[in-house]
Amino acid sequence: MEHKKLVIIGSGPAGYTAALYAARANLAPTLYEGFFSGLAGGQLMTTTEVENYPGFPHGISGPALMDAFRAQCERFGTHLLREDVESVDFSKTPFTINSKKNSFTADSVILATGATAKRLDIPGSGENEFWQKGVTACAICDGAMPIFRGKELFVIGGGDSAVEEAIFLTKYGSKVYIVHRRDVLRASKIMATRAQTHPKIEILWNSEIIKISGSKVVQSVTLKNVVSGDQIERSAAGVFFAIGHTPNTAFLRNQLDLDSTGYIKITIPNTTYTSVEGIFAAGDVQDPHYRQAVTAAGSGCMAAIDAERWLSSKGLIA
């Protein structure tokens, strides 16, 4: 079994940035980009326009940005594998990483597998329908796009995240509706009060969106009252899922400490150290709060530096 100083699991801004820094530090990293588990490059591969990543004043498409990340880390010698990691063994050193085609041992591992936004199976919301054409799962990422400005926008959810996204969208939309299946928000009291008193937010209680319609972009939604069964069609330019994320940690099989929702716990503040010495975590897989490309890239840089310093402290590199 071939041995590596560092294996990185996961691509996207965190994984590719970690690989770039590690490769430039002569760690010769191997990076598993993923395949069936999701597109290599992460969530940005389904984002049509990224307008808030520094250095691109006119914006850049998500796939183009990730292609540039990938090419840069490859230029410095990262070994890229478009495969899914199926299992790991962190119970002893060196660690073992297994895919269908390859198995490696490694002195250190960076986990950058990200998180997947939860979505509902609403007609019109699919990949070949209006996903990223008015339907999205990140208001902060996409809310400032021209198609949403001055238009009526709909946020699906009832927790703090839904309220936060709705408030953010009031900067751009003419009216923001929170669509919630219940008659009371799950959000904290202070956040619920902010939503209920905001002049540009209206909460549609006991309601769900059952259809999203339009031509090239979203133009309307069909709402159903879950109590009365009544349906109504309303003008809409955007639908934002705000029902949470699922961290991509199932393959770890509880070999690391995770929080109650499955995110990897960082055990030393302001680092990327996990509960297993020599294993580091970066990006959305350890970040339930920010989930932005720029913060993921920053934590990828941190993870590579942490890994390099740890390997040096253990005498595993010169």
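Residues numbered from 1 in each chain as written. Predicted model: local features only at pLDDT ≥ 70, side-chain atom pairs only at ≥ 80, totals over all residues. Heavy atoms only, no water.

Caption draft 1: Expanded view of the environment of E86. Of note, E86 is situated in strand β4 (residues 85–89). The class for E86 is partly exposed, based on a relative accessible area of 36%. Here the alpha-carbon distance between E86 and V294, two residues 208 residues apart in the chain, equals 28 Å. When residues no more than four places from it in sequence are discounted, the contact partners of E86 are N98, S99, K100, F251 and R253. (Helix = DSSP H or I, 4+ residues; strand = E, 2+ residues; numbered from the N terminus. Buried < 20%, exposed > 50% of the residue type's maximum accessible area, 1.4 Å probe, protein only. Contact = heavy atoms within 4.5 Å.)

Caption draft 2: The pairing of strand β6 (residues 103–111), seen in detail. Across the nine residues of β6, eight count as buried, placing the element largely inside the fold. Here seven bridges tie strand β1 (residues 2–9) to β6, and the two strands are oriented parallel to one another. Pairing of H3 across the sheet is with T105, part of β6. Looking at chain direction, strand β5 (residues 95–99) and β6 are connected through four bridges and run antiparallel. Each bridged residue has a counterpart across the sheet, and for F95 the counterpart in β6 is A106. Count of turn residues in the β5/β6 antiparallel hairpin: three residues. (Pairing = 2+ DSSP bridges.)

Caption draft 3: Inspection of the sheet that holds strand β12 (residues 207–214) at higher detail. Reading across from one edge, β12-β13-β14 is the order of the three strands in this open sheet, with antiparallel pairing throughout. Looking at strand neighbours, the two that pair on one side only are β12 and β14 (231–235), the edges of this open sheet. With direction set aside, neighbouring strand axes in the sheet form an average angle of 25 degrees. Here β12 pairs with strand β13 (residues 218–225) via seven bridges, running antiparallel. (Axes fitted to C-alpha atoms, helices over the stretch in contact; angles between N-to-C directions.)

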